[in-house]
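Analysis of the macromolecular model
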Amino acid sequence: MIKENLERIRKELPEDVTLVAVSKTKPVEDILEAYQAGQRDFGENKVQEMVDKKEQLPGDIRWHMIGHLQTNKVKYIVPFVTLIHSVDSMKLMQTINKEAIKRNKVQDCLLEIHIAREPSKFGFDFNELLSLLHDNEWQKLDHIRICGVMGMATFTDDEDQVRQEFRFLHQCYDTLKSDFFSDKDYFRERSMGMSGDYRIAVEEGSTMVRIGTLIFGERNYL
Ligand SMILES: *Cc1c(COP(=O)(O)O)cnc(C)c1O
């Protein structure tokens, strides 16, 4: 099942779009099945769960942190995590930088931007992000590498709204690229699109989709 699901999705995605298989709440057996089908990028949203799974699974898996990250937990994932998608504060950037120095590593990160209409939870307000970047403090953080942006669209059936939100994220990306990262080749990622909206996201220029349910089935939250 998992293998077939992966193949179906991969066939649909353009070559240059990275598929992150979101394995949160799923057992290591499921991850191994995906691994054996060639999948290497996996996303988790909880630090402890990611660490536990990492210890039981092959070392060439690329782990993506996609959930809200508390500063006091950064130290557990920096040693191995490939990309942190959910950077949403200066304090978090500073903490990641500090832990990366200790690990003699440059940590790749994405800036999470709040694009949904829902009053939700996490992500930078884009205007606040702009002023934060104009204040050059972040440039001193030379052990993090900002590789692009991440966003989550509103959970709705209204495809036009979802499309507009992804389009807005792409515009945010373009602005950041030209204002701050025009000479940085590594600033090129737009992490957007989940099981319900990845087709729209790809049409709007996603470079990375984060898909769970369509690969592993519905999640059971206890
Ligand atoms: C759970 C999750 C996903 C995947 O959601 P599905 O609808 O199962 O594909 C993607 N991104 C984030 C940030 C998530 O928390």
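Residues numbered from 1 in each chain as written. Predicted model: local features only at pLDDT ≥ 70, side-chain atom pairs only at ≥ 80, totals over all residues. Heavy atoms only, no water.

Right, let's talk about the overall build of the protein chain for a bit. When helices and strands are counted, the protein chain shows nine helices and eight strands. Rg of the C-alpha trace for the protein chain: 17 Å, near the compact-globule value of 17 Å for 222 residues, within the 12% margin. Seen through its principal axes, the protein chain has C-alpha atoms that stretch 50 × 45 × 35 Å. For the protein chain, buried positions account for 51% of its 222 residues. Nonlocal contacts in the protein chain, meaning residues at least 24 apart in sequence, comprise 59% of its contacts between residues at least 6 apart. When the accessible area of the protein chain is evaluated, it comes to approximately 11,300 Å², of which 47% is carbon and sulfur surface. (Helix = DSSP H or I, 4+ residues; strand = E, 2+ residues; numbered from the N terminus. Rg over C-alpha atoms; globule rule 2.2 N^0.38 Å. Buried < 20%, exposed > 50% of the residue type's maximum accessible area, 1.4 Å probe, protein only. Contact = heavy atoms within 4.5 Å. Areas by Shrake-Rupley, 256 points an atom, 1.4 Å probe, with all protein chains shown as cover.)

Turning next to a negative patch on the surface. Among the surface-exposed residues, D157, D158, E159 and D160 lie close enough to one another that they form a single negatively charged patch. Looking at the element boundaries, E159 is found in helix 7 (residues 159-180). (Patch = residues over 30% accessible without salt bridge, like charges linked within 9 Å, V, L, I, M, F, W, Y side chains within 5 Å. Salt bridge = Lys/Arg side-chain N within 4 Å of Asp/Glu carboxyl O. Lys, Arg positive; Asp, Glu negative; His and termini not counted. Charge placed at Lys NZ, Arg CZ, Asp CG, Glu CD.)

Once that is clear, we can look at the environment of H170. Structurally, H170 is set in helix 7. Separated by 21 residues in the primary sequence, H170 and V149 have C-alpha atoms spaced 8.6 Å apart. Setting aside residues up to four positions removed in sequence, H170 forms contacts with R190, E204 and G205.

Next up on the list: the packing of aromatic side chains. Here the structure, examined in full by the defined rule, presents seven aromatic pairs. Aromatic side chains F126 and F168 sit 6.2 Å apart centroid to centroid with 85° between the ring planes, which places their arrangement in the edge-to-face category. One end of the pair, F126, is in helix 6 (residues 126-134); the other, F168, is in helix 7, with 42 residues separating them in the sequence. Between the aromatic rings of F181 and F187, the centroid separation amounts to 4.1 Å while the plane-to-plane angle is 0°, which identifies the pairing as stacked. There is no split in this pair, since F181 and F187 are both buried. The ring of Y35 carries the charged tip of R40 above its face, separated from the ring centre by 3.6 Å. Over the ring of Y173 we find R190, and its NZ or CZ is 4.6 Å from the ring centre. (Phe/Tyr/Trp six-rings, centres within 6.5 Å; stacked < 30°, edge-to-face > 60°. Lys NZ or Arg CZ within 6 Å of the ring centre and 35° of its normal.)

So, about the site of the ligand. Lining the immediate surroundings of the ligand are V22, K24, I66, M152, M194, S195, R210, I211, G212, T213 and R219. At a separation of 2.5 Å, an oxygen atom of the ligand approaches a polar side-chain atom of S195. G212 has a polar backbone atom sitting 2.8 Å from an oxygen atom of the ligand. Alone, the ligand offers 390 Å² of accessible surface; in the complex the protein occludes 91% of this. Its residues placed into classes, the shell around the ligand shows five nonpolar, three polar and three charged. (Near = heavy atom within 4 Å. Polar contact = N/O pair within 3.5 Å; in protein donor to acceptor, adjacent residues only side chain to side chain. Nonpolar A, V, L, I, M, F, W, Y, C, P; charged D, E, K, R; others polar.)

In short, shape yes, function no, at least from these values alone.
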